[in-house]
Amino acid sequence: MNNKMYKTGFFILLVINIGLVVLFALGPRPPRPESGIKNEISRELDFTAAQKAAFEQMALNHREAIRTLEKQERELMGAFFNQLSQTEPNGVNEGLLQEIMQLEKDKIMVTYHHFEDLKGICNEEQLVRFERVIQRILPVLTNSSGRPTRPDQPFL
């Protein structure tokens, strides 16, 4: 009977652990950092209500464009790496690789144009601050290790 209780306890712990792993993997995600960046940009540039509304729409359009490109990229990456599971691979599919590289270029250009449009809604005073804002968020845009400073520090 002791052995049966041990097996039951082990099974319960196993189920709990699997449940926790699934919860962490599929559970709610923390807020994405761009919302914080968006708020900081709006605050630091001291946008008017009209500028905030325009920026909000621009950010929404940018996010949707990037999501679409990322979805296409994931599908192509899957197809690219699925070549490894073929019993007789024909080598690297250069066409797929070129498409993946083009999507990465498209993402960069969509983001560049987004910030170009953002710059376009700034007045003269805001343009001076815009240059500092771009330099400040450049690590986020380039995914480099030099992330912006802690949230409790001023943005600029």
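All of the points below concern the structure found in this document. (Residues numbered from 1 in each chain as written. Predicted model: local features only at pLDDT ≥ 70, side-chain atom pairs only at ≥ 80, totals over all residues. Heavy atoms only, no water.)

## Describing the packing of helix H4 (residues 94-120) against helix H5 (residues 124-141)
Keep this limit in mind: Helix axes use the C-alpha atoms of the stretch in contact, all axes being lines fitted to C-alpha atoms, and the angles between their N-to-C directions lie in the range 0 to 180 degrees. Only DSSP runs of H or I reaching four residues or more are called helices, and only runs of E reaching two or more are called strands; each is numbered from the N terminus. With respect to orientation, any angle under 35 degrees is reported as roughly parallel, any angle over 145 as roughly antiparallel, any angle of 65 to 115 as roughly perpendicular, and every other angle as oblique. Definitions for this section: a left-handed crossing has its near helix turned counterclockwise from the far helix by less than a right angle. A right-handed crossing has that turn clockwise. Here a residue-residue contact requires only that any non-hydrogen atoms of the pair lie within 4.5 Å. Ten residues, namely Ala, Val, Leu, Ile, Met, Phe, Trp, Tyr, Cys and Pro, are considered nonpolar, four, namely Asp, Glu, Lys and Arg, are considered charged, and the remaining ones, Gly among them, are considered polar.
It is the contact of H4 with H5, at a shortest axis distance of 11 Å, that shows an interaxial angle of 160°. Between H4 and H5, the interaxial angle falls into the category roughly antiparallel. Where H4 crosses over H5, the two elements pack in a sense that is right-handed. Counting all contacts with H4, which are made through Thr111, Phe115, Leu118 and Lys119, the residues of H5 involved are Leu127, Phe130, Glu131, Ile134, Ile137 and Leu141. The residue inventory of the contact of H4 with H5, partitioned by class, reads seven nonpolar, one polar and two charged.

## Here we look at the nonpolar core
Just so we agree on the cut-off: Buried Ala, Val, Leu, Ile, Met, Phe, Trp, Tyr and Cys residues that are joined via side-chain atoms within 4.5 Å together make up what is termed a nonpolar core. The cut-offs for exposure are 20% and 50% of the maximum accessible area for each residue type, with area from a 1.4 Å probe on protein chains only; residues under the lower value are buried, those over the upper are exposed, and the others partly exposed.
Among the nonpolar cores identified, the biggest contains 13 residues, and Ile41, Leu45, Phe47, Phe115, Leu118, Phe130 and Ile137 are the most heavily contacted of them. When residues of this core are traced back to their parent elements, those giving at least two are helix H2 (33-44), helix H3 (49-82), H4 and H5. Of the residues forming this core, the biggest block, four residues, is contributed by H5. One finds Leu76, Phe80, Leu96 and Leu103 within the second-largest nonpolar core, a separate group that totals six residues.

## Brief notes about the environment of valine 110
With respect to the helices and strands, valine 110 occurs in helix H4. A relative accessible area of 26% means that valine 110 is categorised as partly exposed. Here the alpha-carbon distance between valine 110 and leucine 69, two residues 41 residues apart in the chain, equals 9.7 Å. With residues near it in sequence (within four places) discarded, valine 110 still touches His62, Ala65, Ile66 and Leu69.

Treat this as a map of the structure, not an account of what it does.
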